[in-house]
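# Coordinate analysis (summary)
One-letter residues, chain by chain:
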Amino acid sequence: MTATTRADAGRRSGSVLRMVVTDRFYLAAVASLFFAGVGLSVAMPQLSLFLVQELHTSLEVAGLFFLTQLGAPVLGWVVGAWSDRLTDRLWLFRLGAVVGLVGWVALALSTSAWMAFVLNLTVLGFSGATGSLIFAAVRDQLTHHPTGVDNRVMSTVRLGFSLGFMTGPVLGSVLGSALGLRASMLAAGVFTLLQVVPMLGLKVARATVAADPAPAPATGPGPATRPTRARLRRRRSGSTGLGPLLAFLGLGVLAMSGDTVKFAYLPIYMELQLGTPDWLRGLVISMQSVGMLFFIPLMGVLADRFGAHRLVVVNVLLGVLANLGFMLGGHELVLIAATLLNSAMWATLGGIGISVAQELYPTGVGMASSLYFSAMRFAAAIGGIAGGLGVGWFGVPGVFVVPAALCVVSAAGLAVQAVLTSRAARQGAPVTA
């Protein structure tokens, strides 16, 4: 099937899900991301308990463990630059999965806290950065075989990770209670390695996109040639390098950092001040993952129709409303509504933001992909710092004013960048950060 035929089929049927399921590579990417989601989430909720109960650290030291995510951008840069020089970047992805297995096994066998800190800062950080190369490979495939609904394809593939991330905590809790916390760490390593199984035998040639020179002025009375959308994307980043991408990631970190605050202090607020029963408290928290299963495909449709960058701006504003709802709600139904708003924001950041990052730096989609997902880990550390300071200043639930304010700043900056990007595209000039 030619690229044009596939695009027409996607538009006529509207069934992007069918397109993904019937394409071997896209289906393999979904399965690989499912295992990646399980591998990450099977251990994440158990890490603090592991540090305290198995490695005998204090609660304060256990909290500092997540500051090791501050090194994620450095590893993301290294992995991204490396992958953009390879013919097939999936080779590096497979290497990272093996390294991840080694890292989780070493963590499960560790006997002191400093070993866990070093492993998460180096070995596991490298493995996490290489996991993002699946999205770079998907972008390569979309470049070779355009569908006409690229944002919807990307967001549908991203659903694999969300499904895995929902499955992992349940599996980790069962393993932890039945076999011990070290078994949960070993399971994380096994699922990290399983990422490579669906991709065995598959290759995707790295798509090379060169910046186009400025169009020559028209010399005759006829109309000037109108640049294509892909050419405009290439021209935007051609002479400005990483500046627009780094600006986008920095603004995105401000919005994403609020998730750490939510997971840290929303359960405390519900238990100590609202007296929420355990089952309802779990329901409120889980609504974010459930909502993302609905919102991620929806955001793909909206991004293809209205533009991915513009959609990110609007949905970061939903994050403002979500955090104000956490702060002012005072009732579980309001908290559920706020959680769904937060889910819509995260569906855009997690499922569509990667497309914006790749468009801002199309000459290095591996770099864009690895830096984007490294920014997510970096945001978790920033959120821990912001939450720790904010709860001291404002208490609970007043602490949620901090992520609300950060979302306002993020949305304002992203709106300015979206306007500059759109203006540069119309004028055929590179966008600045």
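Above this text sits the structure in question.
So, here's what we can say about the structure. Starting afresh in each chain, residues are numbered from 1 along the sequence in its written order. With the structure being a predicted model, the display of local features is reserved for residues of pLDDT at least 70 and the display and counting of side-chain atom pairs for 80 or more, all residues being used for whole-chain, interface and lining totals. To obtain the side-chain values, all non-hydrogen atoms of the structure were included, while hydrogens and water were left out.

## Re the overall build of the protein
Put simply, DSSP marks the helices as runs of H or I at least four residues long and the strands as runs of E at least two long, and each gets a number from the N terminus on. Each helix and strand in the protein was counted, giving 21 helices and zero strands. Two residues form a contact once any of their heavy atoms are found within 4.5 Å. Taking all contacts inside the protein whose residues are at least 6 apart in sequence as the whole, residues at least 24 apart take part in 83%. What sets the accessible areas is the Shrake-Rupley method with a 1.4 Å probe; for residues, cover comes only from the shown protein chains. By element, 69% of the accessible surface of the protein is carried by carbon and sulfur atoms, the whole surface being about 18,400 Å².

## Details of helix α9 (residues 123–131)
Burial status follows relative accessibility: with a 1.4 Å probe on protein chains alone, a residue under 20% of its type maximum counts as buried, one over 50% as exposed, and anything between as partly exposed. Counting buried residues in α9 gives seven out of nine residues, a clear majority hidden from the surface. Looking only at α9, the buried set comprises Leu124, Gly125, Phe126, Ser127, Ala129, Thr130 and Gly131. Where α9 is buried, its residues meet α6 (72–83), α7 (90–109), α8 (113–121), α10 (133–144), α12 (181–194) and α20 (365–394).

## Re the packing of aromatic side chains
Aromatic contacts are taken between Phe, Tyr and Trp rings whose centres are within 6.5 Å, Trp giving its six-membered ring; a plane angle under 30 degrees counts as stacked, one over 60 as edge-to-face, and the others as tilted. All told, the structure shown has 12 aromatic pairs when counted by the stated rule. Between Trp393 and Phe394, the ring centres sit 6.3 Å apart and the planes meet at 85°, which makes this aromatic pair edge-to-face. Accessibility expressed as a relative area gives 61% for Trp393, which makes it exposed. On the accessibility criterion, Phe394 (47% relative accessible area) is partly exposed. Of the aromatic side chains, those joined through ring pairs into one cluster are Phe135, Phe248, Tyr372 and Phe373.

## So, the environment of Leu333
Mapped onto the elements, Leu333 comes out in helix α18 (residues 332–351). Once the C-alpha coordinates of Leu333 and Val284 are considered, the two residues, 49 residues apart in sequence, prove to be 8.5 Å apart.

## Considerations on the environment of Ala338
Along the polypeptide, Ala338 turns up in helix α18. Here the alpha-carbon distance between Ala338 and Asn323, two residues 15 residues apart in the chain, equals 7.1 Å. For Ala338, the contacting residues outside a window of four places in its chain are Ala322, Gly325 and Phe326.

## Digging into helix α17 (residues 308–328)
The first and last C-alpha atoms of α17 sit 31 Å apart over 21 residues, in line with the 30 Å expected at 1.5 Å per residue. Positive backbone phi, approximately 75°, marks Gly330, located one or two places after α17. Multiplying 1.5 Å by the residue count of a helix minus one yields the expected span of that helix.

## Brief notes about the pattern of salt bridges
Oppositely charged side chains can pair when the atoms bearing their charge come close. A side-chain nitrogen of Lys or Arg and a carboxyl oxygen of Asp or Glu constitute a salt bridge if their distance falls within 4 Å. This model, assessed by the stated rule, comprises six salt bridges. Measuring nitrogen to oxygen at the nearest pair gives 3.4 Å for the salt bridge that ties Arg182 to Glu54. Here Arg182 is found in helix α12, whereas its partner Glu54 is found in helix α4 (residues 47–54), with 128 residues between them in sequence. Accessibility expressed as a relative area gives 26% for Arg182, which makes it partly exposed. The partly exposed category is assigned to Glu54, whose relative accessible area is 28%. Among the charged side chains, a network of salt bridges with common partners joins Asp84, Arg89 and Asp140.

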